[in-house]
Amino acid sequence: MRDPKLREIDERAFLRRLDPMVDVYAAAMEPPSDQLPGRHTIMERHASYPGFRAFVVERRGALPMLASPVLGFAYGFHGMRGQWWHDVVHQALSDLEGPEHAETWLGDTFEVAELHVHPQAQGKGLGRSLLNALCEGRPERTAVLSTLDRRPETPARHLYRSVGMVDLLTGFEFPGGGPRYAVMGGTLPLAPYSPAPRRE
Ligand SMILES: CC(C)(COP(=O)(O)OP(=O)(O)OC[C@H]1O[C@@H](n2cnc3c(N)ncnc32)[C@H](O)[C@@H]1OP(=O)(O)O)[C@@H](O)C(=O)NCCC(=O)NCCS
């Protein structure tokens, strides 16, 4: 495969790629298949949020095993009251350590909504490049996200720690049930890369 290309895409280009991006999401996360239409709808809605920004990595040459040219993608937006994730996490942080704590992290924040690399393309630096590109030059004070809280810890948790993100919530169950999540946050700009200790 020739070098894959990372590039920023606008809202329209994002919407045109929803199907292949949901395919990457499905391969990377392996969710129950009945959740995929809902993911599609959520991503479509997110594209209209303020401060929306997205990057894709696409292959340049043909690679027969992969039906889609999208190898990975990441997107986020300005987190605000009235957004479901923002309000749920704000309440949980307030309950845990008070409203000032919640405002410190969520008062001026970039929400990293999704970051996924197709399993056949993982471990080659694409995820780190996507995250760095996405957060580079953002005007917000912090970046926040949620990610699966599993043992042993996921590669995603290592990646986020390696750019200075810390745990804000762990073992967190979002309304409606489902797996436990960690909510992580870091101040912007992200810290330069330093290898994170791998935890079990
Ligand atoms: C998380 C993810 C996006 C990382 O993308 P990637 O291209 O594989 O990652 P990179 O090659 O850029 O590696 C970046 C860092 O991830 C971590 N990492 C990657 N593979 C790892 C592994 N097998 N074990 C532990 N950490 C790993 C490391 O911190 C690594 O940096 P380092 O090896 O230089 O210290 C990718 O693994 C993925 O899509 N996972 C499934 C979906 C997911 O969990 N998405 C995040 C949702 S919030």
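Please read these numbers as outputs of a predicted model, since none were measured by experiment.

Q: I would appreciate a short explanation of the environment of Arg 17 in the present structure.
A: For Arg 17, the location among the structural elements is in the loop between α1 (11–16) and α2 (18–29). We classify Arg 17 as buried; its relative accessible area is 13%. Here the alpha-carbon distance between Arg 17 and Val 70, two residues 53 residues apart in the chain, equals 8.3 Å. Apart from residues lying up to four places away in sequence, Arg 17 is in contact with Arg 7, Ile 9, Val 56 and Glu 58. Separated by 3.1 Å, the side chain of Arg 17 and the backbone oxygen of Ala 13 make a polar contact.

Q: What should I look at first to understand the environment of Arg 151 in this one?
A: Along the chain, the position of Arg 151 falls in the loop between β5 (142–148) and α7 (155–162). According to the relative accessible area criterion, Arg 151 is exposed, its value standing at 55%. Taking the C-alpha atoms as reference points, Arg 151 and Arg 81, 70 residues apart in sequence, are found 32 Å from one another. Here the side chain of Arg 151 touches Asp 149 through a polar contact of 3.1 Å, side chain to side chain.

Q: How do you make sense of the packing of α2 against helix α3 (residues 36–46) when you look at a structure like this?
A: Two quantities define a packed helix pair, namely the angle between the helix axes and the distance between the axes. Contact geometry for α2 and α3: axes closest at 10 Å, N-to-C directions at 125°. The angle between α2 and α3 falls in the class oblique. Crossing handedness for the pair α2 and α3: right-handed. Contacts between α2 and α3 involve Leu 18, Asp 19, Met 21, Val 22, Tyr 25 and Ala 26 from the first element and Leu 36, Arg 39, His 40, Met 43 and Glu 44 from the second.

Q: What's the story with the site of the ligand in this structure? I'm lost.
A: By nearness alone, 21 residues border the ligand, and Val 117, Gly 123, Gly 125, Gly 127 and Arg 128 come closest of all. Take Val 117: an N or O atom from its main chain is 2.8 Å from an oxygen atom of the ligand. Arg 128 places a side-chain nitrogen or oxygen 2.8 Å from an oxygen atom of the ligand. When the ligand sits alone it has 920 Å² of accessible area, and the protein chains cover 79% of it. Contributions of two or more residues to the shell around the ligand are made by α2, β4 (109–117), α6 (126–135), β5 and α7.

Q: What's the story with the side chain of Arg 39 in this structure? I'm lost.
A: If you trace the backbone, Arg 39 turns up in helix α3. Beyond its immediate chain neighbours, meaning those up to four positions away, Arg 39 contacts Tyr 25 and Glu 114.

Q: For this particular structure, what's the right way to read the sheet that holds strand β6 (residues 166–172)?
A: By definition, the strands of a sheet pair up through backbone hydrogen bonds, in either a parallel or an antiparallel sense. If you walk across this open sheet you meet the seven strands as β1-β2-β3-β4-β5-β7-β6, and the pairing is mixed. The open sheet terminates on both sides in strands that have one partner only, identified here as β1 (5–9) and β6. Here the average twist between neighbouring strands, direction ignored, is 20°. Alignment of strand β2 (residues 53–58) against strand β3 (residues 70–79), held across six bridges, turns out to be antiparallel. Of the residues in β3, the one forming a bridge with Val 57 is Gly 72. Set on the sheet, helix α5 (residues 99–106) makes contact with β4, β5, β6 and β7 (181–187); between it and β5 the angle comes to about 100°.

Q: Could you clarify how one ought to interpret the pattern of salt bridges in this entry?
A: Two side chains of opposite charge can pair, provided their charged atoms sit close to one another. Tallied over the entire structure, the rule returns 14 salt bridges. The partner of Glu 103 in a salt bridge is Arg 81, and the shortest N-O contact between them spans 3.5 Å. Of the two residues, Glu 103 sits in helix α5 while Arg 81 sits in the loop between β3 and α4 (84–97), which places them 22 residues apart along the sequence. Note that Arg 138 and Glu 140 form a salt bridge whose closest N and O atoms lie 2.8 Å from each other. Here Arg 138 and Glu 140 have matching classes, each one buried. If you follow the salt bridges from partner to partner, you end up with Asp 149, Arg 151, Glu 153, Arg 157, Arg 161 and Asp 167 in one network.

Conventions we followed
Residues numbered from 1 in each chain as written. Predicted model: local features only at pLDDT ≥ 70, side-chain atom pairs only at ≥ 80, totals over all residues. Heavy atoms only, no water. Helix = DSSP H or I, 4+ residues; strand = E, 2+ residues; numbered from the N terminus. Buried < 20%, exposed > 50% of the residue type's maximum accessible area, 1.4 Å probe, protein only. Contact = heavy atoms within 4.5 Å. Polar contact = N/O pair within 3.5 Å; in protein donor to acceptor, adjacent residues only side chain to side chain. Axes fitted to C-alpha atoms, helices over the stretch in contact; angles between N-to-C directions. Parallel < 35°, antiparallel > 145°, perpendicular 65-115°, else oblique. Left-handed = near helix turned anticlockwise from the far one by under 90°. Near = heavy atom within 4 Å. Areas by Shrake-Rupley, 256 points an atom, 1.4 Å probe, with all protein chains shown as cover. Pairing = 2+ DSSP bridges. Salt bridge = Lys/Arg side-chain N within 4 Å of Asp/Glu carboxyl O.

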